[in-house]
Amino acid sequence: MTKTGEKLFIKGNEAISRGAIAAGLKCYFGYPITPQNDIPEYMSAALPAAGGEFVQAESEVAAANMLIGAAACGVRSMTSSSSPGISLKQEAISYLAGSELPTVIVNMNRGGPGLGDIGPSQGDYFQSVKGGGHGDYRTLVLAPGTCQEAYDLVIQAFDLAFKYRNPVMILGDAILGQMKEPVITWTPEATDESEGKGWRIVGAKDRPGRILKSLHLSEGALAKHNLMLKNKYEDMASFTQKEEYQTEDADLIIVAYGSIGRIVKSTIKKLRNEGHKVGLFRPITLYPFPSDDLKKLAEQGKKFLTIEHNLGQMVEDVRLSIRTIADSEFFGFYPGNLPTPDDFEEPILKALGGK
Amino acid sequence: MSEEKLVFDRADALVDVPTHYCPGCQHGVAQRLAGELLTEMGLTENTLLVTSIGCSVFLYNYLNVDSVEAPHGRAPAVATGVKRARADKFVLSYQGDGDLASIGMAEIMHCANRGENVSIIFVNNTVYGMTGGQMAPTTLVGQKTTTSPAGRNASKEGLPIRMSEIIGQLGGTAYSARVAVNNVKNIRKAKKAMKKAFEVQQKELGFGFIEVLATCPTNWRMDALKANERIEEELIPYFPLGVHKDVTAEVED
């Protein structure tokens, strides 16, 4: 049972904030960094009003560690940040993964490396989908392309976090965070009261104390833990989402995600009108990556062009997915500029022509 | 046969296992006091413990309470998250000096300043213990460690930091005190001070902080007795015992 709410004209950042509160968010910990400040600003007023806790932490590091505490209690918790801030949170994200604590982390990606700029970029793909912090771990990564999808996916993110007892990342960018679109709000079924039962810390009554930790010192203990995590990450692989647009008869498949995926869609619409057989494959889950679906397209003899707002990161996963059958060309639109649909015409036509 | 009466027993908050501490180390004393208080104050079932790094981390093996482990220095942030999620629980953390006064300086200052209703026991033995005896922010001037082989040099490495004085200056602190566990008299005082820190949390008055001067015979390269003497002769003169802030007098009157 879901309750459909109003139709609002809001920014992506606000859609994420509203989605999180609709999902039953109890604790938000954050620190200001552009271009995601709308999230802590929205949360500071709306979350306490909804009966939750908002803390502006002293740093991104502290905010991410506050998540460890709240997640250990089995409540729905979240932080948000942008690229340099996410780097600072990675230590805690590694501990969250190692201790199997469910939480949601939003990254509104900006340009890097280093201080970079405050404009959009997809330079954090590697950091998001390959672990990011120390040790062997993965976070589930969801990449919305519209404000509505941002609202919907953040709700799903909390369910996935608890299902897998693992951090889930929403990976957006400055475009998604700052643009306004109509969003239809909805509220999911009431959160299961027993969420976290069996592992969360609530006080040791009539049982021995429970320890949530990532330290495994005795011989073989860490190996066992790592094997368990590996099996869990393999289980996650069954859960993938993607959007396919006009791929059936396409000769060339453009693989692009998030904001770039949506801009490329506009380019494809224009090229289709001109008679070019191009289609879009937009991964929504970046980890796990929808490799099987992409491989199916490769088996149909399609050609591939991966377009990203970076120097080439997701293209490695695209190539891994289709490597036994085909290859993918790459076009990188460098962070520091804002792309328009026109910017992708030439590289797409070039890839089509190189048949 | 005359009837025997039990006059002293292990507090039920303490798990009946041998600890991993080196001979003469006073972590065991500090942890025992905490365990006794949890039992005596009826807090055991209601306590959520945040363990930290180094020798302190294994406290989760010695207290029979629910616990979560924090990364190096971040226990006060983790404790903040726990308390904000479960304001009805008693939140206790326990950190060493390298952890709290070096890498975790930001987290402890802001946790105290926000007046989080948590209790933090800070064990100051002037050295990084488990890591192998390196210099800590609390290492005394002239003290030799594995990273200050000629002794701490104030002109290059600064002076040892007095944490309970600093914490006592912050607006959110309800109670801050320094104690030692080097003799029976001081142990009794330490327990009283720890109790006070726990009580301010129960009364939701703000942040409670107890600094415990303790020995580390292994890394001090001393036997247990000499290490205990060092507390009296070197540590207490630089880190004076006493209460640096206590808001309860104003509130209770």
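Look above for the structure.
Computed from a predicted model, the values in this text were never measured in an experiment.

Engineer: Quick rundown of the packing of helix α1 (residues 12-22) of chain A against helix α6 (residues 147-164) of chain A? Include the residues and the values.
Structural biologist: Residue and element names in this part refer to chain A. Look at α1 against α6: their axes get within 8 Å of each other, and the N-to-C directions meet at 30°. The handedness of the crossing between α1 and α6 is right-handed. Judged by residue contacts, G12, A15, I16, R18, G19, A20 and A22 of α1 engage C147, A150, Y151, V154, I155 and F158 from α6. Its residues placed into classes, the contact of α1 with α6 shows 10 nonpolar, 2 polar and 1 charged.

Engineer: Tell me about the environment of T306 of chain A, residues and numbers included.
Structural biologist: Residues and elements named next belong to chain A. Among the structural elements, T306 can be located in strand β14 (residues 303-308). Placed 34 residues apart in sequence, T306 and T340 show a C-alpha to C-alpha distance of 16 Å. When residues no more than four places from it in sequence are discounted, the contact partners of T306 are V255, M314, V315, V318, S328, E329, F330 and F331.

Engineer: Describe the environment of G85 of chain A, with residues and values.
Structural biologist: Here G85 of chain A lies in helix α4 (residues 83-98). Considering only alpha carbons, one finds G85 of chain A and A64 of chain A, 21 residues apart in sequence, at a separation of 9.9 Å.

Engineer: If you had to explain the nonpolar core to someone new, which residues and values would you point to?
Structural biologist: Counting residues in each nonpolar core, the largest one holds 132 residues, and the members touching the most others are M78 of chain A together with V68 of chain B. Core analysis: the next-biggest nonpolar cluster, separate from the first, contains 40 residues, L43, Y62, A190 and V212 of chain B among them.

Engineer: Quick rundown of the pairing of strand β6 (residues 207-213) of chain B? Include the residues and the values.
Structural biologist: Residue and element names in this part refer to chain B. The element β6 is largely enclosed, with a buried count of 7 among its 7 residues. Burial of the side chains of β6 extends over both faces: F207, F209, E211 and L213 are buried on one face and G208, I210 and V212 on the other. Alignment of strand β5 (residues 173-180) against β6, held across 7 bridges, turns out to be parallel. What sits directly across from S176, in β6, is F209. With respect to chirality, the unit in which β5 leads through helix α8 (residues 184-202) into the neighbouring parallel β6 is right-handed.

Engineer: Lay out the side chain of K89 of chain B with the relevant residues and their values.
Structural biologist: Mapped onto the elements, K89 of chain B comes out in the loop between α3 (75-85) and β3 (90-96). Despite its burial, K89 of chain B remains without a salt bridge, the nearest opposite charge being carried by D88 of chain B at 4.5 Å.

Engineer: Outline α3 of chain B, listing residues and values.
Structural biologist: Here α3 of chain B lies mainly inside the structure; 10 of its 11 residues are buried. Among the residues making up α3 of chain B, those that are buried are A75, P76, A77, V78, A79, T80, G81, V82, K83 and A85 of chain B.

Engineer: Give me the packing of aromatic side chains: which residues, what numbers.
Structural biologist: Scanning the model with the defined rule gives 12 aromatic pairs over all chains in all. Look at F58 of chain B and Y60 of chain B: their rings are 6.3 Å apart centre to centre, the planes differ by 85°, and that puts the pair in the edge-to-face class. Among the aromatic residues, those joined into a ring-pair cluster are F331, F333 and F344 of chain A. Above the face of the Y238 of chain B ring, R162 of chain B is positioned so that its terminal group lies 3.9 Å from the ring centre.

Engineer: Requested: an account of the interface of chain B and chain A, with residues and values cited.
Structural biologist: Taken together, the 31 residues of chain B in the interface contact 39 residues of chain A. The three residues of chain B that bury the most area against chain A are D66, E69 and R84 of chain B, which together make up 23% of that side's buried surface. Measuring nitrogen to oxygen at the nearest pair gives 2.9 Å for the salt bridge that ties R114 of chain B to E58 of chain A. Viewed at the interface, chain A and chain B are joined by 15 residue pairs in polar contact (both at pLDDT 80 or more). For the side of chain B that touches chain A, the secondary structure elements donating two or more residues are β1 (47-51), α2 (59-62), β2 (66-69), α3 and α5 (105-113) of chain B. Here the element with the most residues in the side of chain B that touches chain A is α3 of chain B; it accounts for 7 residues. Residues belonging to the side of chain B that touches chain A are distributed by class as follows: 14 nonpolar, 8 polar and 9 charged.

Analysis parameters
Residues numbered from 1 in each chain as written. Chains lettered and ligands numbered in written order. Predicted model: local features only at pLDDT ≥ 70, side-chain atom pairs only at ≥ 80, totals over all residues. Heavy atoms only, no water. Axes fitted to C-alpha atoms, helices over the stretch in contact; angles between N-to-C directions. Helix = DSSP H or I, 4+ residues; strand = E, 2+ residues; numbered from the N terminus. Left-handed = near helix turned anticlockwise from the far one by under 90°. Contact = heavy atoms within 4.5 Å. Nonpolar A, V, L, I, M, F, W, Y, C, P; charged D, E, K, R; others polar. Core = buried A, V, L, I, M, F, W, Y, C linked by side-chain atoms within 4.5 Å. Buried < 20%, exposed > 50% of the residue type's maximum accessible area, 1.4 Å probe, protein only. Pairing = 2+ DSSP bridges. Right-handed = clockwise from strand over helix to strand, strands pointing away. Lys, Arg positive; Asp, Glu negative; His and termini not counted. Salt bridge = Lys/Arg side-chain N within 4 Å of Asp/Glu carboxyl O. Phe/Tyr/Trp six-rings, centres within 6.5 Å; stacked < 30°, edge-to-face > 60°. Lys NZ or Arg CZ within 6 Å of the ring centre and 35° of its normal. Buried area = accessible area lost by both parts, 1.4 Å probe. Polar contact = N/O pair within 3.5 Å; in protein donor to acceptor, adjacent residues only side chain to side chain.

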